[in-house]
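Analysis of the macromolecular model
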Amino acid sequence: MAVVETILVVFDFDHTLIDVNSDTWILALKPDLKRLLQRRSGVCWTDLMNDVFAGLFDEGVGPEAIRQCVEKVPFHDDMKKTCSLLARAQNINLLLISDANRVFIDTILSAHGLDAAFDKIYTNPAEFDESGRLRVSYHHTHACKRCPKNLCKGTVLKDYLKDVSYAKKIYVGDGKGDVCPCLLLDSPTDYVLAKTGFPLLEILRDPDVGFKGNLVPWNTGTDVLEFVYKEILRTGAPGVRF
Ligand SMILES: [Mg+2]
Ligand SMILES: [Zn+2]
C-alpha cells in the first residue's frame, strides 16, 4: 500500500453538510405525504422515498418544483466556507458519502457554488424519468449487518482506502449510518467530528462499539471551520498548501 502524505476529509450530507434532512425537507411541498415515511419494519428508507417521489408526481409536483424546494435547504455559511477552503487546498481529498440521492445533492451543491468541491460523491443514484417522476435506487449491495441494505458507508470508505493511506483522516457526521465508516478511523491522527444531540456521538462514546479514534463533538458549521483551521491550517500538516 502506497503511503502518501495527504489528508482525507469525509462529509456526511443530511444534518451535517446541510442543517436538515433533505428527504424530509421535500415534504414541505406536500405535507400529507409524511404518512408514507412512517417506518415500516424491514422496508428500506430508499424504498419509502420512492413512494414519496411517486406521491409528489401523482399530485402534480414536477422536477422544477422539487429542485427549487431543495435549493432552499439551510446550509450554514461556515460549512460552505469549510468546503471551499478544503476544496482549494492542495493534497486534501474531500469525499461526500450520503444516503440522500444524487439529484438532491447535485442541486444543492450547485445552488451554493460547490459543484466541484468534492473529489468523489457516493450516494444513491437518482434521476427524473421521462414523465418527470424522480426515481432513486440503491447505491450498492454489501454484506454489512449494521447498515441499511442500500448503503454501507463503511464498505464505501474501505474500498476507497484500498489503494491509498492517509497521514490524517477526518470524518464529519451525525447519524447511525456514519458509525460504520467512523470505525475505520482508528489511528491517533484520525478525528471523527460527531454532531451534538445526534446518534453518532452517543454510539461512538459507548465502549462496546470499539471506536479507537479521536472524537470531537460539534454543533454548527463554525465549529467545523474552527477545527479545520486548528487541525489542518495552523499545524501546517505535511504536504498541504492553501
Ligand atoms: Mg446525516
Ligand atoms: Zn456498514
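Residues numbered from 1 in each chain as written. Chains lettered and ligands numbered in written order. Predicted model: local features only at pLDDT ≥ 70, side-chain atom pairs only at ≥ 80, totals over all residues.

1. Quick notes on the overall build of the protein
When helices and strands are counted, the protein shows 10 helices and 8 strands. For a compact globule of 242 residues, the expected C-alpha radius of gyration is about 18 Å, and the protein comes in at 18 Å, within 12% of that figure. C-alpha extents for the protein along the principal axes are approximately 55 × 40 × 35 Å. For the protein, the proportion of its 242 residues judged to be buried stands at 38%. Residue pairs at least 24 apart in sequence account for 66% of intrachain contacts in the protein once pairs closer than 6 positions are excluded. (Helix = DSSP H or I, 4+ residues; strand = E, 2+ residues; numbered from the N terminus. Rg over C-alpha atoms; globule rule 2.2 N^0.38 Å. Buried ≥ 20, exposed ≤ 12 C-beta atoms within 10 Å, placed from the backbone. Contact = placed C-beta atoms within 7 Å.)

2. Considering the packing of helix H4 (residues 63-71) against helix H6 (residues 102-111)
Direction vectors running N to C along H4 and H6 enclose 55 degrees, while the axes themselves pass 9 Å from each other. With respect to H6, the axis of H4 lies oblique. The handedness of the crossing between H4 and H6 is right-handed. Here Arg67, Val70 and Glu71 of H4 lie close against H6, whose contacting residues are Phe104, Thr107, Ile108 and Ala111. Here the residues of the contact of H4 with H6 are counted per class, giving 4 nonpolar, 1 polar and 2 charged. (Axes fitted to C-alpha atoms, helices over the stretch in contact; angles between N-to-C directions. Parallel < 35°, antiparallel > 145°, perpendicular 65-115°, else oblique. Left-handed = near helix turned anticlockwise from the far one by under 90°. Nonpolar A, V, L, I, M, F, W, Y, C, P; charged D, E, K, R; others polar.)

3. Observations concerning unusual backbone geometry
Despite not being glycine, His15 shows a phi value in the positive range, around 65 degrees. Turning to its location among the elements, His15 is positioned in helix H1 (residues 13-17). Despite not being glycine, Asn91 has its phi angle at roughly 65 degrees, a positive value. Relative to the elements of secondary structure, Asn91 occurs in the loop between helix H5 (77-88) and strand S2 (92-101). A tally of 15 C-beta atoms within 10 Å means that Asn91 is categorised as partly exposed.

4. Observations regarding the pairing of strand S3 (residues 120-124)
With 4 bridges joining them, S2 and S3 adopt parallel strand pairing. Paired with Leu95 across the bridge in S3 is Lys120. The parallel pair S2 and S3 is bridged by H6, and the resulting crossover is right-handed. (Pairing = 2+ DSSP bridges. Right-handed = clockwise from strand over helix to strand, strands pointing away.)

5. A few points about H6
Those residues of H6 not exposed but buried are Val103, Phe104, Ile105, Ile108 and Leu109. Just downstream of H6, Gly113 is the residue with a positive phi angle, here 70 degrees.

6. Quick word on the pairing of strand S7 (residues 191-195)
Along S7, 5 of the 5 residues are buried, which leaves the element largely enclosed by surrounding structure. Judged by which residues are buried, S7 turns out to be covered on both faces: Tyr191, Leu193 and Lys195 on one side and Val192 and Ala194 on the other are all buried. Examined bridge by bridge, strand S6 (residues 164-173) and S7 share 4 bridges and lie parallel to one another. By the bridge assignment for S7, Tyr171 is matched with Val192. Relative to strand S8 (residues 214-218), S7 runs parallel, the two being bridged by 5 bridges. Its bridge partner being in S8, Tyr191 is matched across the sheet by Asn214. Crossover S7 to S8 through helix H9 (residues 199-205) is right-handed.

7. Some details on the environment of Lys120
Mapping Lys120 onto the fold places it in strand S3. Given 12 C-beta atoms within 10 Å, Lys120 falls into the exposed group. Sequence-wise, Lys120 and Ile170 are 50 residues apart; in three dimensions their C-alpha atoms are separated by 15 Å.

8. Quick word on the environment of Leu37
Summarising the element assignment, Leu37 is placed in the loop between helix H2 (22-25) and helix H3 (45-58). Look past the residues within four positions of Leu37 in its chain and what remains in contact with it is Leu48 and Val52.

9. A few points about the nonpolar core
The tendency in soluble globular proteins is for nonpolar side chains to be buried as a group. Membership of the largest hydrophobic core comes to 64 residues, with the highest contact counts inside it found for Val9, Cys182, Val192, Leu193 and Leu204. With residues near it in sequence (within four places) discarded, Val192 still touches Tyr171, Cys182, Leu185, Leu204, Gly213, Leu215 and Val216. (Core = buried A, V, L, I, M, F, W, Y, C linked by C-beta atoms within 7 Å.)

10. Regarding the environment of Asp78
Structurally, Asp78 can be placed in helix H5. Its 16 C-beta neighbours within 10 Å are what place Asp78 among the partly exposed residues. When the C-alpha atoms of Asp78 and Asp223 are compared, they prove to be 8.5 Å apart, with 145 residues separating the residues in sequence. Excluding its chain neighbours within four sequence positions, the residues that come into contact with Asp78 are Thr220, Gly221, Thr222 and Leu225.

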